[in-house]
Structures are given as structure tokens and as C-alpha cells.
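Take a look at the letters that make up each chain.
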Amino acid sequence: LRKNFKVEYAYAGQVKHEDLADLYSRQHALVFPSLFEGFGLVILEAMASGIPVLTTERTAGPDLLGGGGGYVIEAGNVEALRQRIELMLDGRAELSEQGSIARRIAEEHSWSRYREELLRALVGNAAGMPEGTRESSLPVGRLSGQPAH
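Because the structure is a prediction, the values reported are computed rather than measured. (Residues numbered from 1 in each chain as written. Predicted model: local features only at pLDDT ≥ 70, side-chain atom pairs only at ≥ 80, totals over all residues. Heavy atoms only, no water.)

## Some details on helix α5 (residues 92-107)
Okay, so step 1: For α5, with 16 residues, the first-to-last C-alpha span of 23 Å sits near the 22 Å given by 1.5 Å per residue.
Okay, so step 2: Within the span of α5, buried status applies to Leu95, Gln98, Gly99, Ile101, Ala102, Ile105 and Ala106.
Okay, so step 3: Next to the buried residues of α5 lie α2 (41-48), α3 (61-64), β3 (70-73) and α4 (78-90). (Helix = DSSP H or I, 4+ residues; strand = E, 2+ residues; numbered from the N terminus. Expected span 1.5 Å × (residues − 1). Buried < 20%, exposed > 50% of the residue type's maximum accessible area, 1.4 Å probe, protein only. Contact = heavy atoms within 4.5 Å.)

Structural data, given as C-alpha cells:
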């Protein structure tokens, strides 16, 4: 890659939460070739900043990037990673378009939406729970930021 393109990168190390938005805003893309990642909040943070993501199928990428906003490759496939990075370096206009899509997708994944979906799932599962453990005993207060009683 270095032979054909001027590639600038730096290891940021640990970054304070309040500095993340500024750091993301100065990037063209997030390359996140993880071999394993639970949900991968970093992917959603980058998308919310309007930058496209290159990640693997072992992250939340397939769930988040199905409608655009970035690219998903096979984990451990170094050649696919190299090829996609080269395509990204060649296609800055496409990166900009994918970044706009990424931001729109991220806006659909707010904490309030997550809370609502979680509550729906919990209440839906409560129907199969033993008597006395239904909705009234769910710790809803904690999910909405209120102390539980």
C-alpha cells in the first residue's frame, strides 16, 4: 500500500471519551479488522461521526452496514483487507457518500431506541415467565435512568 499511496496513520492509544468526536471527525474512514468483537460500539461511534467503516463479519458490521455506510470483509483475509483499503484510497468520493449513509444509519441506533427495544424484548419474554415475575417485577426504572425500588 505504501508504494502506491500516501497512507497516513497513527496509533492513538487510549483516547478520552470527550475527545472521540474530534478524532473521528478528522478521519476519512475507520479500518476495524477485528477477529472478534461483541457489538463493537466503536463502529457505531465512527458511523455517527460520518465516516465509513471497513470491518469484518465477526463484528456488528454485518448488522449495521447491510444498507451501506461501509464494507464488511472476511476476518483474517489479509488480501481482502488490502484490496478494500486500496479501493477506499482510490474512491474518496465514494467514501464521502458512504460516510453520509453511515451517519444516517447511526442516527437510527440511539440509546432511547435501544432502551425501547430492550424493554419490548423483556416484556415479550415476560409472557413465558413464571407467575409473579411478569412486567411488574422487571427493573424498568434502572433502564430509564431512574433508581429501582
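## Quick word on the sheet that holds strand β2 (residues 53-56)
Okay, so step 1: Ordered by their spatial adjacency, three strands build an open sheet running β1-β2-β3, and the pairing between neighbours is parallel. Here the strands that pair on one side only, and so sit at the sheet edges, are β1 (30-32) and β3. Ignoring strand direction, the axes of neighbouring strands in this sheet form an average angle of 10°.
Okay, so step 2: The sheet contacts of α4 involve β1, β2 and β3, and relative to β3 the element is tilted by about 165°. (Pairing = 2+ DSSP bridges. Axes fitted to C-alpha atoms, helices over the stretch in contact; angles between N-to-C directions.)

## What to know about the pattern of salt bridges
Okay, so step 1: Scanning all chains against the criterion turns up five salt bridges.
Okay, so step 2: The salt bridge partner of Asp22 is Arg26, with a shortest N-O separation of 3.3 Å.
Okay, so step 3: Residue Asp22 is classed as partly exposed on the basis of its relative accessible area of 45%.
Okay, so step 4: One salt bridge in this structure joins Glu86 and Arg82, with 2.7 Å as the shortest N-O distance. (Salt bridge = Lys/Arg side-chain N within 4 Å of Asp/Glu carboxyl O.)

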